[in-house]
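The lines below spell out each chain.
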Amino acid sequence: MNYSQAVLSGDRLALARLLTQVENEAPEGRAALIELFPHTGQAHLIGVTGAPGTGKSSLVNQLTLHFRKTQNKRVAIVAVDPSSPFTGGAVLGDRVRMRDLSGDSGVFIRSMATRGSLGGLAQSTANMAQVFDAAGFDIVIIETVGAGQSEVDVARLAHTTLVVEAPGLGDDIQAIKAGILEIADILVVNKADRPGVENTEKSLKSMLELAHPTERVFQHHGQSTRVAAPKQDSSSALMWIPPIQRTVAIEGKGISELAQSITRHVTHLTHSGGWAIRERTRLEVELDSLIREKLVSRFRDEVPQKQYDDILEKVIQRELSPWEAAAMLTYE
Amino acid sequence: MTEKKIRVLVAKPGLDGHDRGAKVVARALRDAGMEVIYTGLRQTPEMIAEAALQEDVDVVGLSILSGAHMALTPRLLELLKYNGQSHVKIFIGGIIPDEDSHRLKEMGVTGVYGPGASTEDIIRDVKLAVTG
């Protein structure tokens, strides 16, 4: 079957089967990706990440409903959950929260397991997003595994990255400050009907103010003093300050405001040139990793296993250092 | 090319809310190295068929304790066929009388399991049905 033609013509079964081929890195999948590539670059890729249990799937469910109802956009969802490091098996449960989307032919949900990949995404998540892009979906939402500190790969893939927080995570919030919050284009405080929401929002705000100075009010001995934000020059006028959006995903509260923030971010990216920069960076990273893959496989073809093993043995015996060994093996 | 994983949709059609059995099976299949997509409670055959299509699964496992298996199963088989997914193997667990079990297998259901069935048997049967 010619997958790419079928996918371009809107065949959902062919799309599902191609996604499997791409996920398994099968030759048919690679061939179709090559044919589909000219049709990509149209979709808005939205990444959704955050700690486990913050409500990412419920939020994706509500956002998708909103995009369908108010903007009539076709939405694809790639939901990533972890594989067991011991058995390689996985239970992929994100669909449980997305039952409202069932029966809508403008929505396509695909679950995938990480299959040993770290960083919050699977190896072939980016390629699956490309397939959806070529298949004509206007928005592709990528939901990462429940992420902690360094699962920031999604920011390299997505145009707009949502980092989802929830009140009452306490020390977890502190712990993730250094890593994951830095990649946020929009910060979402979900479960905002829970106690502690003000504290969560406050700590996020103070984190942001360190990076983006804004007008602040100081309380000192009962007197409040206003300190104006530093004057912005023309370059920082194009700067994007991540908004903080409160939502209660299971009740659909705050969703349309969040969607407005997403739209504003797209406008910002287009006007500031950020969209083009992100596309360029993403494709550059992809090209680099493909070149690395090719060079490694060419190396494996050229250097006899025996020679490799002999040199490795010398390294183990401390007769050669790894640096010298690598130089010898690559004929430096 | 990475290894091909067996993908299983575990679904709970009908109106009863007892999903412990479905979760036990999902967990067991996971521990056997399969990728299990769990859909949750109160799924219609239409919802199950749609999920099976989007996820391109090899197997659909149904947990039915409500007694509605003779109504729900033929409808699902029909929808899978309509979608071009006749190759998907169906397994059913629940309270299924013997005579119904025979009829379900005649319709094309691969395996039917009652209370006390061992997860090892289910895993073996699923692997056999997919890899042939």
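Residues numbered from 1 in each chain as written. Chains lettered and ligands numbered in written order. Predicted model: local features only at pLDDT ≥ 70, side-chain atom pairs only at ≥ 80, totals over all residues.

Asks: Looking at this model, I keep getting lost on the overall build of chain A. Mind explaining?
Replies: The helix and strand tally for chain A stands at twelve helices and ten strands. Per-residue burial over chain A gives 38% buried out of 332 residues. (Helix = DSSP H or I, 4+ residues; strand = E, 2+ residues; numbered from the N terminus. Buried ≥ 20, exposed ≤ 12 C-beta atoms within 10 Å, placed from the backbone.)

Asks: Any chance you could explain the sheet that holds strand β3 (residues 90-92) of chain A here in plain terms?
Replies: Strands pair in a sheet through their backbones, by hydrogen bonds, and they do so in one of two ways: parallel or antiparallel. The strand order β3(A)-β2(B)-β1(B)-β3(B)-β4(B)-β5(B) describes an open sheet built from six strands, whose pairing is parallel. Strand pairing shows two members of the sheet lacking a second neighbour, β3 of chain A together with β5 (111-113) of chain B, which therefore form its edges. On average, each strand axis in the sheet is inclined to that of its neighbour by 20°, with strand direction left out of account. Bridge analysis of β3 of chain A against strand β2 (residues 35-38) of chain B gives three bridges, and the strand direction is parallel. The partner of A90 of chain A across the bridge, within β2 of chain B, is E35 of chain B. (Pairing = 2+ DSSP bridges. Axes fitted to C-alpha atoms, helices over the stretch in contact; angles between N-to-C directions.)

Asks: Explain the confidence of the model for chain A here, please?
Replies: When pLDDT is low, close inspection of the predicted coordinates is not appropriate. Residues and elements named next belong to chain A. Considering every residue of chain A, the mean pLDDT works out to 87; 87% of them sit at 70 or more. The secondary structure element of chain A with the lowest average pLDDT is strand β8 (residues 216-220), at 50, and the one with the highest is strand β5 (residues 139-143), at 97. Scored below 50 in pLDDT, residues 232-236 shows one contact in the model against residues more than four places distant or in partner chains. (pLDDT = per-residue confidence, 0-100. Contact = placed C-beta atoms within 7 Å.)

Asks: How should the pairing of strand β1 (residues 7-11) of chain B be read in this particular structure?
Replies: Every other side chain in a regular strand lies on the same face of the sheet, so the side chains alternate between the two faces. Residues and elements named next belong to chain B. Of all five residues making up β1, five are buried, and the element is well covered by its neighbours. Neither face of β1 is open: one carries R7, L9 and A11, the other V8 and V10, and all of them are buried. Bridge analysis of β1 against β2 gives four bridges, and the strand direction is parallel. Within β2, the position partnered with L9 by the bridge is I37. Considered for its hand, the β-α-β crossover made up of β1, helix α1 (residues 20-31) and β2 is right-handed. Strand direction decides the pairing type here: β1 and strand β3 (residues 59-64), joined by four bridges, are parallel. Within β3, the residue paired with A11 across the bridge is L62. (Right-handed = clockwise from strand over helix to strand, strands pointing away.)

Asks: Quick question: what am I supposed to make of the interface of chain A and chain B here?
Replies: Many analyses report the size of an interface as the accessible area lost when the parts associate. With 28 residues of chain A at the contact, the number on the chain B side is 27 residues. Elements represented by at least two residues in the side of chain A that touches chain B include exactly α2 (12-23), β3 and β4 (107-113) of chain A. With six residues, the top contributor of residues to the side of chain A that touches chain B is α2 of chain A. Here the residues of the side of chain A that touches chain B are counted per class, giving eleven nonpolar, ten polar and seven charged. (Nonpolar A, V, L, I, M, F, W, Y, C, P; charged D, E, K, R; others polar.)

Asks: Teacher, can you tell me more about helix α5 (residues 119-131) of chain B here?
Replies: Two residues of an α-helix separated by three or four positions point the same way, owing to the 3.6 residues in each turn. Between its first and last C-alpha atoms α5 of chain B spans 18 Å; for 13 residues at 1.5 Å apiece the expected length is 18 Å, and the two agree. The positive-phi residue at the C-terminal boundary of α5 of chain B is G132 of chain B, with phi of around 80°. (Expected span 1.5 Å × (residues − 1).)

Asks: What is the right way to read the sheet that holds β5 of chain A from this model?
Replies: Residues and elements named next belong to chain A. The strand order across the open sheet formed by seven strands is β4-β2-β5-β1-β6-β7-β10, and the pairing between neighbours is parallel. Strands with a single pairing partner mark the edges of an open sheet, and in this sheet they are β4 and β10 (244-246). Taken pair by pair, the neighbouring strands of this sheet meet at an average axis angle of 20°, ignoring direction. Relative to strand β6 (residues 160-165), strand β1 (residues 44-50) is paired through five bridges, and the arrangement is parallel. By the bridge assignment, V48 is partnered in β6 with L162. This element, helix α9 (residues 255-272), spans β1, β6, β7 (186-189) and β10 of the sheet and lies at about 170° to β7.

Asks: When you look at α2 of chain A in this model, what are you seeing that I'm missing?
Replies: Residues and elements named next belong to chain A. When the terminal C-alpha atoms of α2 are compared, their 16 Å separation across twelve residues agrees well with the 16 Å that a helix rising 1.5 Å per residue should span. Counting buried residues in α2 gives ten out of twelve residues, a clear majority hidden from the surface. Taken residue by residue, α2 has A14, L15, A16, R17, L18, L19, T20, Q21, V22 and E23 as its buried positions. Count one or two residues on from α2 and you reach E25, which has phi positive near 55°.

Asks: Which parts of the structure should I look at to understand the nonpolar core?
Replies: In summary, soluble globular proteins display a tendency toward joint burial of nonpolar side chains. In terms of nonpolar packing, the biggest core is built from 115 residues, with V140 of chain A together with V36 of chain B touching the most fellow members. V140 of chain A has contacts with A43, L45, A76, V78, A129, F132 and D133 of chain A, leaving out every residue within four places of it along the chain. (Core = buried A, V, L, I, M, F, W, Y, C linked by C-beta atoms within 7 Å.)

Asks: Mind showing me how you'd approach the confidence of the model for chain B here?
Replies: A residue-level look at chain B finds 98% of positions with pLDDT of 70 or above and a mean pLDDT of 93. Overall fold confidence (pTM) sits at 0.87, and the ipTM for the predicted complex is 0.92.

Asks: Looking at this model, I keep getting lost on the environment of T247 of chain A. Mind explaining?
Replies: Residues and elements named next belong to chain A. Secondary-structure assignment places T247 in the loop between β10 and α9. Expressed as a C-alpha distance, the spacing of T247 and K191, which sit 56 residues apart in the sequence, is 6.3 Å. When near neighbours in sequence (up to four residues on either side) are disregarded, T247 contacts L59, V188, N190, A192, K253, G254, I255 and L258.

Asks: Any chance you could explain the domain arrangement of chain A here in plain terms?
Replies: Residue and element names in this part refer to chain A. Domain annotation of chain A identifies domain 1 (40-272) and domain 2 (275-332). Of the residues lining the interface, seven residues belong to domain 1; the matching set on domain 2 comes to six residues. Of all the secondary-structure elements, those providing two or more residues to the side of domain 1 that touches domain 2 are α6 (153-157) and α9. Class assignment for the residues of the side of domain 1 that touches domain 2 results in three nonpolar, three polar and one charged. (Domains from an automatic or database assignment.)

Asks: How do you make sense of unusual backbone geometry when you look at a structure like this?
Replies: All names here are of chain A. The phi torsion at R115 lies on the positive side, around 50°, for a residue other than glycine. Mapped onto the elements of the fold, R115 is located in the loop between β4 and α5 (125-134). Even without glycine at this site, R318 takes up a positive phi of about 65°. Within the secondary structure, R318 sits in the loop between α11 (305-316) and α12 (322-329). When the 7 C-beta atoms within 10 Å are taken as the criterion, R318 is described as exposed.

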